[in-house]
Structure formats: structure tokens, C-alpha cells
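# Descriptive analysis of the structure
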Amino acid sequence: MENSPVINNDNRMQGLLPGLFVMQNNGEPGDEGASLLIRGKRTFRSNAPVILVDGYERTMDQLDPNEIESITVLKDAAATAQYGLRGGNGIILVTTKRGQEGKIRISLNARAGFRTPTTNPKLLNSYQYATLYNEALTNDGASPRYTAEDLDKYEKASRGIYESELDRYLYPDINWYEEYVNKSTWQQRYSLNIDGGNSNARYFISAGYTSNSGLYKVDKNANTYNTNADFNLITLRSNVDITVNKRFSLALDIAGRQEQRTYPGSRTDASLRVFRSLYKTPPNAFPVFTPDGLLGGTKDYKDNPYGLLNNQGYSLYYVRSMFATLRAKHDLDFITKGLVLKGSAAFDSWYDQNTNRSKSFKVYDLRQPNGEVEYLPDGSIRYVETGSNT
């Protein structure tokens, strides 16, 4: 587990355990969770298996992999019988590490790497888009939208040639995906483990830090705050075993984590709006900025990708959780050999907070509804405004 470069433990198990199907649903930092299936989708009630961490139903996706001792998948009827109907979709048992007798052992694990998309879209340039748009209109019996002069200027724009400075704004050729998505991003994970003890007490202590930065190309000079999709996680764990006497022993496990996620704009639809604009905005719809430095846009295409990433604020999502388990074991072999009395108590605390500091922005179109550029008496361009700055 600890040798896999994946951040989320759900995805980390892919291909490691027989009978476990893992399907990742999202790639946004902090939300890279996956659907886990053991008996397929056509199962009783919920499809997901029950995940037990040290015997209690808890999430395992953000556990530090250096805390994990073993992961076991139970799927046959005999193995899941003790869990009743809840075991119908299978059981995943996660066991964390515990201290061993001996001298203190300290280990530091540091990993860093780059994440890159598995595939990148190949988008049309402005000339190709305009040519196919005219072809579609002609097939429907309508008049072409773009003239031969327009097509000539778009073809030159695809080669970086412009007849005038204004043509850079009137005939843009923008690959929005390449413009605002990095080819790779940086991720890092650090983990410090300490364990040891003697016959009376044994301990395992772990502290971890994980950082995963987003793929968006944001303008770091546009704001004093971060608007990229970032994820930071701190984990802590202490597992202590105490032998009170030859018959009575205690185990106290305390674990906690704190994570922070950052989103451009509102957290509820941040990635949806950004990627929808990157994929659906034509390369010639508008320039990123007008000649006067205003955000480009039209009444039909209001979501300027630069504005979505830098001019619509940000959201912060905090999660703080703590898990504690106390176990007691008393051997009653003086009554009957092998008789044991066990008891346990657990306490889970979860707190999350979403801070939404999003805002909206105006976009400006150089062309009037008739497609022409109009000028004011002072010689400046008359823009068509859409939206509002809030």
C-alpha cells in the first residue's frame, strides 16, 4: 500500500485484492474517491461493501498508508455470516499497525511526484470550427455564418498572423483547455512513524502530511488568496497496548485528521463550470481580454475561463475528525481454559465547515448584435456588457 503513488486509499487498492472492483469517480484533489464493489452492482440494497477499520465502521480513504498493517476482503457466505445482512455486499477489514516489543524504531517516509491526465482532448482551432459551422448550416439549408474573409482571417490566426492589432481580438484562436489546464501537477506525502515498547506497554505513533495541488492555471497575481483546486491533509494516530497484569490488558487507539480543500468559486459546482466552459466554449467565441483589459464574453458564452478561475472568488472546505477506541480484555482461564471476556467502546467526532466567498463578474463583447464594432465619440470601443460584478 505505501509504495503506491496514489493519494486516496480506495484507488490504492485497485488490482491488489482479488474480487475487488474499484472505479474512480472524480479526479479533483480531495475528491478522488472511488466506488468499491465486491459482488457487483446488482446486490442487496446499497452496492458498497462495509468497511471496518480496527473492527469499527469508519472511512479508510484518507488513512495514511503507513498506518495500515493489512487489508482483507471477505466475500463468501461463511466469512461474512457474523455480519448478517450487512455482509451481503462483502466486508473490507482494515487493520492499523501496533507497537512491538523492542527498542524504539523511527521511520520517515517522504514521497513526491507529478500527476498528469491520462488523456487530453484534441480541440478544433477557430478556422476548423468556423468551416464546420458553415457546413452544418449549409446542410440545414441555411446561409453560412462566416464569410470567406472571416475564414481567411481565422486561417491566418491559426498560424499566428494578424492583419491588424484589432484582429487579435475580433478573430481569436484559443485552445481553452491548453490555456488553463496544466500538463502536470505536484503532489507530496510525508509520514513519520515511531513504535516500540516492552512487555508492559507498547506504542505506535504516526503523523502524516499530504499535499495535492490542482491542475488549473490560475493567475497568482490576480488575487491575494488561492483559487486553485488544492488539497492538504494532516493525520495523527496513536495506538497503545498496556498489559496491566497477566490476565488483564487494555488497548487505546486515538486517531485524528484535518483536511482543507480549496475551490475556485462555489464548491458545489466549481469543477463543473470550469470544465464545461473549457470544453463547450468555441475557440473563436471571444478573446480572453478586450483591448481595454476587460474580460471577454458574449451573451451566449458568459463563462470566461479566466474569470471562472480568478474572478469568481473561492471556497474553503475544512474537515476535522477524531476517532477513539478503548478495548479491554480479561482472561478467564481460571474458570475454563480459553474463556475470555472482551469489551470495547468507541467515540467518533466529525466536524466540517464550508466557507463560500464566491462572486460574479461582467464580460464584454466587442461586437454589437449586428456583428459590427462600434466606436464612441472619444474613439473607444462600445462594448456589449453581460452579467454583473458582485
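The structure reproduced in this document is the subject of the present report. (Residues numbered from 1 in each chain as written. Predicted model: local features only at pLDDT ≥ 70, side-chain atom pairs only at ≥ 80, totals over all residues. Heavy atoms only, no water.)

## Looking at the pattern of salt bridges
Side-chain pairs of opposite charge can arise whenever the charged atoms involved come near each other. Condition: Throughout this description, the term salt bridge denotes a Lys or Arg side-chain nitrogen within 4 Å of a carboxyl oxygen of Asp or Glu. For the purposes of this entry, the term helix denotes a DSSP run of H or I that reaches at least four residues, the term strand denotes a run of E that reaches at least two, and both are numbered from the N terminus. Three labels apply to residues, based on accessible area from a 1.4 Å probe with only protein chains included: buried if under 20% of the type maximum, exposed if over 50%, partly exposed otherwise in between.
Across all of its chains, the model carries 21 salt bridges by this definition. Here Arg58 ties to Asp348 by a salt bridge, and the two come within 2.8 Å at their closest N and O atoms. In this pair, Arg58 is assigned in the loop between β4 (56-57) and β5 (68-74) and Asp348 in strand β13 (residues 340-358), connecting sequence segments 290 residues apart. A relative accessible area of 13% means that Arg58 is categorised as buried.

## Some points on the packing of aromatic side chains
Put simply, the rule reads: Stacked, edge-to-face and tilted are the three classes for Phe, Tyr and Trp ring pairs, Trp counted by its six-membered ring, which pair at centre distances within 6.5 Å; planes under 30 degrees apart are stacked, over 60 edge-to-face, the rest tilted. Charge over a ring is defined by NZ of Lys or CZ of Arg lying within 6 Å of the ring centre and within 35 degrees of the ring normal.
Taken as a whole and judged by the stated rule, the model has 14 aromatic pairs. Members of the aromatic cluster, joined through ring pairs, are Tyr129, Tyr133, Tyr146, Tyr154 and Tyr171. Directly above the ring of Tyr317 sits Arg267, whose terminal nitrogen or CZ lies 3.8 Å from the centroid. The cationic tip of Arg367 hangs over the ring face of Tyr171; the distance from NZ or CZ to the ring centre is 5.4 Å.

## Some thoughts on helix α3 (residues 126-139)
Two residues of an α-helix separated by three or four positions point the same way, owing to the 3.6 residues in each turn. This is how the line gets drawn: Expected span of a helix: the number of residues minus one, times 1.5 Å. In this description, one arc is meant: the one made by directions from the helix axis to the C-beta atoms. Note on contacts: a residue pair is in contact if any heavy atoms of the two residues lie within 4.5 Å. For this analysis, a polar contact is any N or O atom pair within 3.5 Å, provided that within protein one partner can donate a hydrogen and the other can accept it, and provided that sequence-adjacent residues contribute only side-chain to side-chain pairs.
With 14 residues, α3 should reach 20 Å at 1.5 Å per residue; the first-to-last C-alpha distance of 20 Å fits that figure. Among the residues of α3, Ser126, Ala130 and Asn134 are the ones counted as buried. Looking down the long axis of α3, one finds its buried residues gathered within 70° of arc, a one-sided arrangement. Contacts made by the buried residues of α3 are with α4 (148-158). Here α3 starts with a cap whose side-chain oxygen sits 3.2 Å from the backbone nitrogen of Tyr127, and that cap is Asn125. Directly after α3, the chain includes Gly141, whose backbone phi takes a positive value near 80°.

## Structural notes on the packing of α3 against α4
Counted only if it meets this: Axis lines are fitted through C-alpha atoms, for helices just across the contact stretch, and the angle between N-to-C directions can take any value from 0 to 180 degrees. Angles are sorted into four bins: roughly parallel if under 35 degrees, roughly antiparallel if over 145, roughly perpendicular if 65 to 115, and oblique for all others. Residues are grouped as follows: Ala, Val, Leu, Ile, Met, Phe, Trp, Tyr, Cys and Pro are nonpolar; Asp, Glu, Lys and Arg are charged; all remaining types, including Gly, are polar.
Between α3 and α4, the shortest axis-to-axis distance is 7 Å and the interhelical angle comes to 150°. Relative to α4, the element α3 is oriented roughly antiparallel. Counted together, Ser126, Tyr127, Ala130, Thr131 and Asn134 of α3 and Leu151, Tyr154 and Glu155 of α4 form the full contact between these two elements. Considered class by class, the residues forming the contact of α3 with α4 number 4 nonpolar, 3 polar and 1 charged.

Treat this as a map of the structure, not an account of what it does.
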